[in-house]
Amino acid sequence: MLKGVRCETAKCAMERQWRAKPPGMHSWRRRKTGDYGVRLREKQKVKRYYGVLERQFSLYFRMAERATGNTGEALLSILERRLDNVVWKLGFAPSHNAARQAIAHGHIHVNGRRLNRPSYLVRQGDRIAVKQAERSQKLIRQALGDGGVAVQTWLQVDAQTLEGVIAALPTREDVQIPVEEQMIIEMCSR
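What you see is a predicted model; the values in this text were computed from it and never measured. (Residues numbered from 1 in each chain as written. Predicted model: local features only at pLDDT ≥ 70, side-chain atom pairs only at ≥ 80, totals over all residues. Heavy atoms only, no water.)

So, the packing of aromatic side chains
Alright, step 1. Taken as a whole and assessed by the stated rule, the structure comprises two aromatic pairs.
Alright, step 2. On the numbers, 5.0 Å between centres and 85° between planes, the contact of Tyr49 with Tyr50 is edge-to-face. With respect to burial, Tyr49 and Tyr50 carry one shared label: buried.
Alright, step 3. For the pair Tyr49 and Trp88, a centre-to-centre distance of 6.3 Å together with 75° between the ring planes defines the contact as edge-to-face. One end of the pair, Tyr49, is in helix α1 (residues 35-50); the other, Trp88, is in helix α4 (residues 83-90), with 39 residues separating them in the sequence.
Alright, step 4. For Trp88, a relative accessible area of 10% translates into the label buried.
Alright, step 5. Taken together, the ring pairs connect Tyr49, Tyr50 and Trp88 into an aromatic cluster. (Phe/Tyr/Trp six-rings, centres within 6.5 Å; stacked < 30°, edge-to-face > 60°. Buried < 20%, exposed > 50% of the residue type's maximum accessible area, 1.4 Å probe, protein only. Helix = DSSP H or I, 4+ residues; strand = E, 2+ residues; numbered from the N terminus.)

Points about unusual backbone geometry
Alright, step 1. Here the phi dihedral of Asn111 falls at roughly 55°; this positive angle occurs in a residue that is not glycine.
Alright, step 2. Looking at the secondary structure, you find Asn111 in the loop between β1 (108-110) and β2 (113-114).
Alright, step 3. The partly exposed category is assigned to Asn111, whose relative accessible area is 42%.
Alright, step 4. The backbone of Leu162 sits at a positive phi, close to 55°, despite the residue not being glycine.
Alright, step 5. With respect to the secondary-structure elements, Leu162 resides in the loop between β4 (155-158) and β5 (163-166).

Given below as structure tokens:
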């Protein structure tokens, strides 16, 4: 849905003010969105942002339900810990999709082991490094050179060695998308 650092500009689809009238020829026929529609839209927004399909999202929701504390915060923390999201947040890729592709092609190593699953959940203390091949190094240096995103507090990155460390687990304050997780919980708890 979002490509690269577009959400850090005025063209962000999440932040943009909607027009007085929705697009389309028959905009006058649209009705007010009900409670179900509002909750569904919040859930779909999160799913599209992280690139997760319905079955995987429901698995993450069940994991968040079993976790102690607030279910909504636990769900967002789990989604933030996905390897493709972490690679993107470290600046090793210009977008979520590029991060997924870099992982699937074997350019990323976690704790010294090659990992090709974008859905891998990182833990505190994990080291994410780039493969020692020249092609992999060139690809990641290009992404870092494009003026990538600012690294968040729960991540540490070393641009010289192309390595990142998970310093802490992400909290609700680290989630940058404007979403009301309580609506998602209400939707999924049905």
